[in-house]
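# Coordinate inspection notes
Listed below are the residues making up each chain.
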Amino acid sequence: MAKLISGIVTSTHMDKTIVVRVESKFRHPLYRKVIKRHKKFKAHNEVENISVGDMVTIRETRPLSKTIHFVVVEKVESIK
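Right, let's walk through the structure included here. The structure presented is a predicted model; accordingly, all values stated were derived computationally and were not measured.

### A short note on the packing of aromatic side chains
Each aromatic ring pair is characterised by the separation of its centres together with the angle its planes make. Tallied over the full model, the rule gives one aromatic pair. Ring geometry for F41 and F70: centres 4.8 Å apart, planes at 55°, overall tilted. One end of the pair, F41, is in strand β3 (residues 34-44); the other, F70, is in strand β5 (residues 68-77), with 29 residues separating them in the sequence. The buried category is assigned to F41, whose relative accessible area is 18%. For F70, a relative accessible area of 8% gives the class buried.

The structure is reproduced here in structure tokens:
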């Protein structure tokens, strides 16, 4: 089963490729404080009218290029 991840679009400058920032929260094992981390993924984009700030869902796929391993599934929420 392929991984589904939700994140916020940070860049749309490339042709048919977007950069998605995915945040994760976890609790530190010793200090029990909640820590936020983020990672950026490049995703192939065939969906129209996606802009910076939109929330999208991406799916893991075979490597499409050196850095692109995800495909945009849907646009969840758009900016106002």
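Additional details are given in the paragraphs that follow.
### Here we look at the pattern of salt bridges
All chains considered together, the criterion is met by three salt bridges. Between E23 and R21 there is a salt bridge, with its nearest N and O atoms 3.6 Å apart. By relative accessible area, which is 47% here, E23 ends up partly exposed. Judged by relative accessible area, which is 30%, R21 ranks as partly exposed.

### Points about the sheet that holds strand β2 (residues 17-27)
Read around the closed barrel, five strands run β1-β2-β3-β5-β4, paired in mixed fashion. Here the average twist between neighbouring strands, direction ignored, is 50°. As paired elements, β3 and β5 share three bridges and run parallel to each other. Bridge pairing links K42 to I68 in β5.

### A look at the side chain of N45
As for its placement among the helices and strands, N45 is situated in the loop between β3 and β4 (55-60). Within the local environment of N45, its side chain forms a polar contact with the backbone nitrogen of V47, the two atoms lying 3.0 Å apart. Residue contacts for N45: discarding those within four places in its chain leaves K16, T17, I18, I50 and V72.

Rules behind the numbers
- Residues numbered from 1 in each chain as written.
- Predicted model: local features only at pLDDT ≥ 70, side-chain atom pairs only at ≥ 80, totals over all residues.
- Heavy atoms only, no water.
- Phe/Tyr/Trp six-rings, centres within 6.5 Å; stacked < 30°, edge-to-face > 60°.
- Helix = DSSP H or I, 4+ residues; strand = E, 2+ residues; numbered from the N terminus.
- Buried < 20%, exposed > 50% of the residue type's maximum accessible area, 1.4 Å probe, protein only.
- Salt bridge = Lys/Arg side-chain N within 4 Å of Asp/Glu carboxyl O.
- Pairing = 2+ DSSP bridges.
- Axes fitted to C-alpha atoms, helices over the stretch in contact; angles between N-to-C directions.
- Polar contact = N/O pair within 3.5 Å; in protein donor to acceptor, adjacent residues only side chain to side chain.
- Contact = heavy atoms within 4.5 Å.

Function cannot be inferred from these measures alone, as they are strictly geometric.
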